[in-house]
Structure formats: C-alpha cells, structure tokens
Amino acid sequence: MKLIGQGRTADIYAYSSNQILKLYQSDFPLAAIQNEFRITQLLHDKGLPVPQARKIIDEGNRKGIVFERIEGQTMFSLMFHQPPRLQERVHQLAASHKELHAQSDDERVLPSQKQVLSGAIRRTQLLSEEDKTRILDYLTRLPERIQICHGDYHPDNVMMNEMKNACDVIDWMTGMSGDPAGDVARSWVILTSGSLPEDADPAIRLGFERFRDTIVEGYINHYMHLSGLTWQEIESWILPVAAARLEESLPGNEAEKVLKLVQDRLNHLDSRIELK
Ligand SMILES: Nc1ncnc2c1ncn2[C@@H]1O[C@H](COP(=O)(O)OP(=O)(O)O)[C@@H](O)[C@H]1O
Ligand SMILES: [Mg+2]
C-alpha cells in the first residue's frame, strides 16, 4: 500500500482508489480507535462534512480504520504552498469551524467537554493538586453547551476540495459536545504553542514560524466576526483547555509554553472570578 500521510499516532495509506487506511501504532489503545470510528460515523450520518468511516481492520499486529478518501489537500499544506492565498485559507479555516459548531449533539451521544477536560486535568502530572482543584472549580463556572466540538481543530485536520470549494474535517478521536468558545480556545492554544515534528520539512517548519501570528490572529478574528463571540468568551476557556493539554505527552518546549499559559492565568484567577 502507498503511504500518503503520517501523523503522531498513525500512518495513512491509500487503500483503494476511493478509500484510505488509517493504521495506528501497534500499542495504540483499541478503545480510542473504536471511539474515533463511532464519532466519525455519527457525525457523517448527521450530515456534517466528515469522511465516512467504513470498517475497522487488522493489519499484522496493528489495527486500522478504513475511511472514505477525501479529494484535496490539507489546509496546512495549502497554506504553505500558496502563501499569497494565506489569508483566504485562514478565513476558510474559521468558517468551517463555525459551521461544525452550528450543529448540536441533541441525542447526547458525544462525550461532554467538561468531562473530557476535567478528566485530563486530573490526570496531568505537571500541576499540583491545589492548582488542579482551583482550575476544576473554575471550570464548573463556564457555560454548559452541547454544540459539536472537534477537540483538535487545526489546519492539518481540515482538508480542502478546491473543485467544490468546500472543507472536510478529519481526525475525530477527540470529538465532543460543548461550548464552541472552548473548542476555539483549544485551537488557539494549539496554534500559539504547537510545534511541528522534528522530522518535518525544514522549509515548512520555518514557514510555520513565520506565518504563525498571521494564522492565529486571522483565524480568531474571522471566527469572532462570523459567530459574534467575543475574545473574553474564548479567553475564559484557555485556562482549563491549556491545563488539560498538559496531560498529552508534549515535546519539552511545547509543554513549557502551555504551562506558562496556565500559570499566568492561575496568577489572576481570583480577580477573574470576582469579575464574573
Ligand atoms: N479520509 C482521508 N482522505 C484523505 N486523506 C486523509 C484522510 N484522513 C487522513 N488523511 C491524511 O492523513 C493525514 C493524517 O491523518 P489524521 O487522521 O489527521 O491522523 P493523525 O491522528 O495521526 O493526525 C491527514 O493530515 C491527511 O493528509
Ligand atoms: Mg491529524
């Protein structure tokens, strides 16, 4: 099979002319794979722009999901291969995120954002028990909503079909229902602190550093413009979202940046709560 993509958890192969195989590392938990399969299927059936998940298969000692193949390129690769159109791509990225958020999980079949975040905050070893308690307490005061949230929305998880001028969203393992402001805050944290893998093309790594601020600002401003959300509403989620991200095994300097986002906000937590 021809390798067409590689992520942190899986290799992507062409499986047939119109299907791909996402083959997970052999030690990857089966429950997480089943979760991605189930969520992708549910959202596809709901009519969202999501590839169809066809089946789970065994390939040697690894498990994989066969998905409908999306024609087109990731938003990430388009951004770097056509820099003059960067602003347009960034706006499409925001518009496609807003479109997902317009739908709600009325059947309550997705994990809830507050449960996902609080679980991860409890598990991280990078925060003291006292800080965790303060963050968990703060989390309970944030809005409770049931909109469709992706949980890992960034330009490498959005594919653009230029013929149709439409985006499809992939990689739904962390799909959940919750407050869109929290999902946008998570994208903000990823975009501001994320780093590309060590083995990524050096030209792309350099390009990403150069355009990072333009991408983050353009995406956030356009999302606010389309949705009417304010920066305060998005910002209020950064503390729990960043704290929860500490649970993922982030590369060293990325963990440091995320920890700083948490510490800065913890330092002002008491005045924040009084303001509310
Ligand atoms: N359904 C699909 N159709 C076409 N390409 C895909 C599809 N799913 C994934 N890819 C390609 O594989 C890459 C990694 O897939 P993804 O599901 O995001 O894996 P990971 O969880 O490792 O990030 C994507 O960025 C994209 O280039
Ligand atoms: Mg991905």
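Whatever comes next refers back to the structure up there.
Just so it is clear, the model here is predicted, and its values are computed rather than measured. (Residues numbered from 1 in each chain as written. Chains lettered and ligands numbered in written order. Predicted model: local features only at pLDDT ≥ 70, side-chain atom pairs only at ≥ 80, totals over all residues. Heavy atoms only, no water.)

What is the right way to look at the coordination of the magnesium ion (ligand 2) in this model?
Tetrahedral coordination by four donors sets the ideal angle at the metal to 109.5 degrees; octahedral coordination by six donors sets it to 90 or 180 degrees. Distances from the magnesium ion (ligand 2) to its protein donors, namely N157 (OD1) and D171 (OD), fall within the range 2.1 to 2.2 Å. Within this pair, whereas N157 is found in the loop between β7 (147-149) and β8 (158-161), its partner D171 is found in the loop between β9 (166-169) and β10 (176-178), the two being separated by 14 residues in sequence. (Donors = N, O, S within 2.8 Å, 3.2 Å for Na, K, Ca; no water. Helix = DSSP H or I, 4+ residues; strand = E, 2+ residues; numbered from the N terminus.)

Explain the pattern of salt bridges here, please?
Opposite charge on two side chains permits them to pair, given that their charged atoms come into close proximity. As enumerated under the stated definition, the model contains 21 salt bridges in all. For E162, the salt bridge is made with R89, and the minimal N-O distance between the two is 3.2 Å. Of the two residues, E162 sits in the loop between β8 and β9 while R89 sits in helix α3 (residues 86-101), which places them 73 residues apart along the sequence. On the basis of relative accessible area, R89 is assigned to the buried category, the value being 0%. Here K260 and D264 are joined by a salt bridge, their closest N and O atoms 2.9 Å apart. With K260 and D264 both in helix α10 (residues 252-267) and 4 residues apart, this pair spans about one turn of that helix. In this structure D264 comes out as partly exposed when scored by relative accessible area, which is 33%. Salt bridges linked by common partners bring D152, R186, R245, E248 and E254 together as one network. (Salt bridge = Lys/Arg side-chain N within 4 Å of Asp/Glu carboxyl O. Buried < 20%, exposed > 50% of the residue type's maximum accessible area, 1.4 Å probe, protein only.)

Explanation requested: the packing of aromatic side chains in the structure shown.
Each aromatic ring pair is summarised here by two numbers: the centre-to-centre distance and the angle between the ring planes. Across all of its chains, the model carries 6 aromatic pairs by this definition. Consider the rings of F76 and F80, whose centres lie 4.7 Å apart with planes at 65°: the pair is edge-to-face. Pair noted here: F76 and F80 are both in helix α2 (residues 75-81), with a separation of 4 residues, about one helical turn. This pair shows no difference in class: F76 is buried, exactly as F80 is. (Phe/Tyr/Trp six-rings, centres within 6.5 Å; stacked < 30°, edge-to-face > 60°.)

Everything listed is a geometric property; what it means functionally is a separate question.
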